[in-house]
Amino acid sequence: MSLPSVTREIQLASRPVGRPVPENFRLAESLLPELGDGQILVRNLFISVDPYMRGRMNDVKSYSAPFALDEALDGGAVGEVLASRSGQYKEGDVVVHSLGWREYAVVEGKAATKADTGLAPAPAFLGALGMTGLTAYAGLLKVAEFAPGDAVFVSGAAGAVGSLVGQIAKAMGASRVIGSAGSPAKVARLLELGFDAAFDYHDGPVREQLEKAAGPGGIDVYFDNVGGEHLEAALAVLNVGGRVAMCGAIAQYNSTEPTPAPRNLMLAIGKQLTLKGFLVGGQRQHAAEFAGKMAGWLSDGTVRYDETIVEGLDNAPQAFMDLLDGANTGKMLVRL
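Below is a summary of the structure that appears in this document. (Residues numbered from 1 in each chain as written. Predicted model: local features only at pLDDT ≥ 70, side-chain atom pairs only at ≥ 80, totals over all residues. Heavy atoms only, no water.)

Considering the packing of aromatic side chains
Move 1: Applying the stated criterion to the full structure yields 8 aromatic pairs.
Move 2: Between phenylalanine 153 and phenylalanine 199 the ring centres are 6.0 Å apart and the planes differ by 20°, which places this aromatic pair in the stacked class. With phenylalanine 153 in strand 8 (residues 151-154) and phenylalanine 199 in strand 10 (residues 197-200), this residue pair connects regions lying 46 residues apart in the sequence.
Move 3: Here the aromatic cluster, defined as three or more aromatic residues joined through ring pairs, consists of Phe25, Trp101 and Phe320. (Phe/Tyr/Trp six-rings, centres within 6.5 Å; stacked < 30°, edge-to-face > 60°. Helix = DSSP H or I, 4+ residues; strand = E, 2+ residues; numbered from the N terminus.)

Digging into helix 6 (residues 228-237)
Move 1: Most of helix 6 is tucked away: 9 of the 10 residues are buried.
Move 2: Those residues of helix 6 not exposed but buried are Gly228, His230, Leu231, Glu232, Ala233, Ala234, Leu235, Ala236 and Val237. (Buried < 20%, exposed > 50% of the residue type's maximum accessible area, 1.4 Å probe, protein only.)

A few points about the environment of serine 5
Move 1: Relative to the assigned elements, serine 5 resides in the segment before strand 1 (6-12).
Move 2: Classification of serine 5 as partly exposed rests on a relative accessible area of 48%.
Move 3: For serine 5 and valine 94, which are 89 residues apart along the polypeptide, the C-alpha to C-alpha distance reads 20 Å.
Move 4: Residues contacting serine 5, with those up to four places away along its chain left out, are Ser30, Leu31 and Leu32. (Contact = heavy atoms within 4.5 Å.)

Concerning helix 3 (residues 160-171)
Move 1: The end-to-end C-alpha separation of helix 3 is 17 Å, in line with the 16 Å expected for 12 residues at 1.5 Å each.
Move 2: In terms of burial, helix 3 is a largely internal element, 10 of the 12 residues being buried.
Move 3: Buried within helix 3 we find Ala160, Val161, Gly162, Ser163, Leu164, Val165, Gly166, Gln167, Ile168 and Ala169.
Move 4: Buried-residue contacts for helix 3 involve helix 2 (131-143), strand 8, strand 9 (176-181), strand 11 (219-224), helix 8 (287-300) and strand 15 (331-335).
Move 5: Just past helix 3, the residue glycine 173 takes up positive phi, approximately 100°. (Expected span 1.5 Å × (residues − 1).)

Set out below in structure tokens:
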């Protein structure tokens, strides 16, 4: 079989102002470099689109370099090795790497990880068994310092990370797990996944709905994927000594003006709260522990995961825009 010399890819054509639009993206072709020592040629099977990518589309200094204009975007991908000049991999191996948003990629062998597809299907290594799962696991247990008996609130709970957080909390002995989501169908799915309570944030003020769901016991941990009104509500309902793991703020990613909430941050003083932001890149030391735990939970059905799969590289930009609008349940993936 002749190897490809060209790949189709999605490039950033212009920087979004507010919500991204199709014109911000471009489908293009580029030449693949010759395979060098230690490198592998990968045919991507699935690519991940994730909320954090919106921040990288802005030309601002952050924890990760912004995407370059007129060049391919990147992100998580899982694919099949077509050719290898690395002693770590052979043709046919399935690997996870970070050169998504394209059909083929030349990847440094040391920058890839082998996926054991006997354990779970390939796309799971971008979700429950990948960085998504580690984000949920480490954010809840290491950052928020969850303890058995804690009552936990998760925003964006039907998303890839949030749905896993709630299930991990139940598996680890939470007294109550509450989730917020953006539709009745998502609320119903959270209850199916074992959440004790869930509400649609469109149905009324978040604080009122959270207070009702939490009851007089309040909450001890808030896993924040949304920010804004959700964070403000959680601060009001958290118990003394409560902890917040700040993972994302998707409600504010497309904002062009400063957002006011939370307006009650001073509550953190009297309640002696801990609010801690984190990035999954700073939690890699827990990866082996997480992988062992999650493999067991998936095997015995303790944890289940959802995927929203969009077909075709051409549709990757729309999948990303839909993700920011909450169109996904579980992990948003593009199958190539």
